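Below are the chains, spelled out letter by letter.
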Amino acid sequence: MKGNIFAPILVSIYKMLQNIHKNLITNRFILPIAILIICTIRLLEASTADYISVGICLLLDISTLFLILQIDRSSTIIRKRTILPALFYLLLIFAIPDFNNDVSGSLSSFCIVLSLLLLFKTYHKPEYTINFFNLSFVLSCGSLLWPPLILFFPYFLICSFFFRSLTIKSFLASIIGFCTVYLFVGVWFLYKEDTLTTIHLIPDFPSHISFLLFNTNPNKYLFLALLIFLSFISACNIILNERNGKIKTRAFLGSLFFLIAMIFAFIFIFPNLENQWLQILIVPVSLVAGHFFSLNTSKKASCTFLATFCCCIYFFYLYR
């Protein structure tokens, strides 16, 4: 009898969760309202001395958000129009206060998502050599402010090889884009007789691998666990349900999971840069999580979706 009494209540709850899930997928007014609310909170929390850095981070994060939407729409990773990838990025990036004034992390995320947009446009189009030049140019410019961005060059070359767009011309265009920035900077510093600055642009690699993560705030383990969980369920869904999907979509999703695995490795190898790695990691996780929750509106998916949003709100208050 008890089961019969609670069954209609559970059915009503499931339907309500599914309706909320579907509204968040299709309602376009939610994203600008969420941007306005979260930006207002961030500016109100910032001290007077941090207004400039917080303002720069806001501009970079919002630009990254719209680039994520552009990636989704131009590459058709998700087979319908949705704001979920951008909404996930917005909630995850604003959940941790350490990201509020971290200009290097916001700039790195912007460079990575812009490079991904350029990379996806070269799929089976080796004649788009200008995209390879622009991609290398963007990463090189970003590495002037955060040198570890150089480590992502092999990733984009490997992905372009599997996208069948890597040729001798495109490879040379990438090298030229990389050398253009550093030759200009090197010549300028030599002209100014400032050789020490050039040395400081080289990434500071540790002498040994350290697995002691997040020395400043152990609660980031929970945030990393949330990102791992979102990546895991998205990967399982693709393995089980995307076998008959478009080859192009599977290639893009595979490249995103390769990027996620690469960043996880960097987090363990370079734990002193965990804030920047986490901000970059949020970009591919938002895209694959948006793909999963946009195409799956079952009861379990809706419950998991809203539980994820509750976790983001929990992190938002946990660190304050």
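These figures come from a predicted structure and were not determined experimentally. Here the residue numbering is sequential within each chain, running from 1 through the sequence in written order. Owing to the predicted nature of the model, reporting of local features is limited to residues with pLDDT of at least 70; listing and counting of side-chain atom pairs is limited to 80 or more, with chain, interface and lining totals taken over all residues. Note that water and hydrogens are dropped before the side-chain values are worked out from all heavy atoms of the structure.

A. Structural detail: the overall build of the protein chain. Numbering of helices and strands runs from the N terminus; a helix is a DSSP stretch of H or I covering at least four residues, while a strand is a stretch of E covering at least two. Of the regular secondary structure elements, the protein chain holds 13 helices and zero strands. If you list the helices and strands of the protein chain from N to C, you get α-α-α-α-α-α-α-α-α-α-α-α-α. For the exposure calls, accessible area comes from a 1.4 Å probe over protein chains only, and a residue counts as buried if that area is under 20% of its type's maximum, exposed if over 50%, partly exposed in between. By the burial criterion, 50% of the 320 residues in the protein chain qualify as buried. For this analysis, residues touch if any pair of their heavy atoms sits within 4.5 Å. Contacts in the protein chain between residues at least 24 apart in sequence constitute 81% of all its contacts with a sequence separation of at least 6.

B. Quick peek at the packing of aromatic side chains. Whether two aromatic rings pair depends on their centres lying within 6.5 Å, for rings of Phe, Tyr and Trp, where Trp uses its six-membered ring; planes under 30 degrees apart make the pair stacked, over 60 edge-to-face, and the rest tilted. Using the criterion set out here, one finds 20 aromatic pairs in the structure. Centre to centre, the rings of Trp146 and Trp277 are 5.0 Å apart; their planes meet at 70°, and the pair counts as edge-to-face. You can see Trp146 sitting in the loop between helix H6 (129–145) and helix H7 (153–162) and its partner Trp277 sitting in helix H12 (residues 274–295), a full 131 residues away along the chain. Here the two residues Trp146 and Trp277 agree in accessibility, since each one is buried. Here the aromatic residues Trp146, Phe152, Phe266, Phe270 and Trp277 are joined through ring pairs into a cluster of three or more.

C. Geometry of the nonpolar core. Within the largest apolar cluster, 88 residues are counted, with the highest numbers of intra-cluster contacts made by Leu116, Phe152, Phe223, Trp277 and Leu281. The biggest single contributor to this core is H12, with 12 residues. Every residue in contact with Leu116, bar those within four places of it in the chain, is listed here: Ile71, Tyr155, Phe156, Leu256, Leu259 and Val283. To qualify as a nonpolar core, a set must consist of buried Ala, Val, Leu, Ile, Met, Phe, Trp, Tyr and Cys residues joined through side-chain atoms within 4.5 Å.

D. Structural view of the environment of Glu45. With respect to the helices and strands, Glu45 occurs in helix H2 (residues 30–45). Remark: the alpha-carbon pair of Glu45 and Pro97, spanning 52 residues in sequence, is separated by 9.4 Å.

E. Quick peek at the environment of Ile228. Topologically, Ile228 is positioned in helix H10 (residues 220–241). Owing to a relative accessible area of 42%, Ile228 belongs among the partly exposed residues under this scheme. Considered as a pair, Ile228 and Ile260 are 32 residues apart in the sequence and their alpha carbons are 9.2 Å apart.

F. Structural view of the layout of surface pockets. Method remark: on a 1 Å grid restricted to protein atoms, a set of points is classed as a cavity if a 1.4 Å probe fits but cannot get out and as a pocket if it is open with protein on both sides within 12 Å along at least five of seven lines; lining residues have an atom within 4 Å of a point. Grid points are joined across faces, edges and corners, and a volume is the space filled by probe spheres set on the points. Taken as a whole, the largest pocket spans an internal volume of roughly 330 Å³. Secondary structure elements with two or more residues in the lining of the largest pocket: H2, helix H4 (84–93) and helix H13 (299–318). Top element by residues in the lining of the largest pocket is H2. It accounts for six residues. Throughout this entry, Asp, Glu, Lys and Arg are counted as charged residues, while Ala, Val, Leu, Ile, Met, Phe, Trp, Tyr, Cys and Pro are counted as nonpolar. The remaining residues, Gly among them, count as polar. Residue classes in the lining of the largest pocket are distributed as 17 nonpolar, no polar and no charged.

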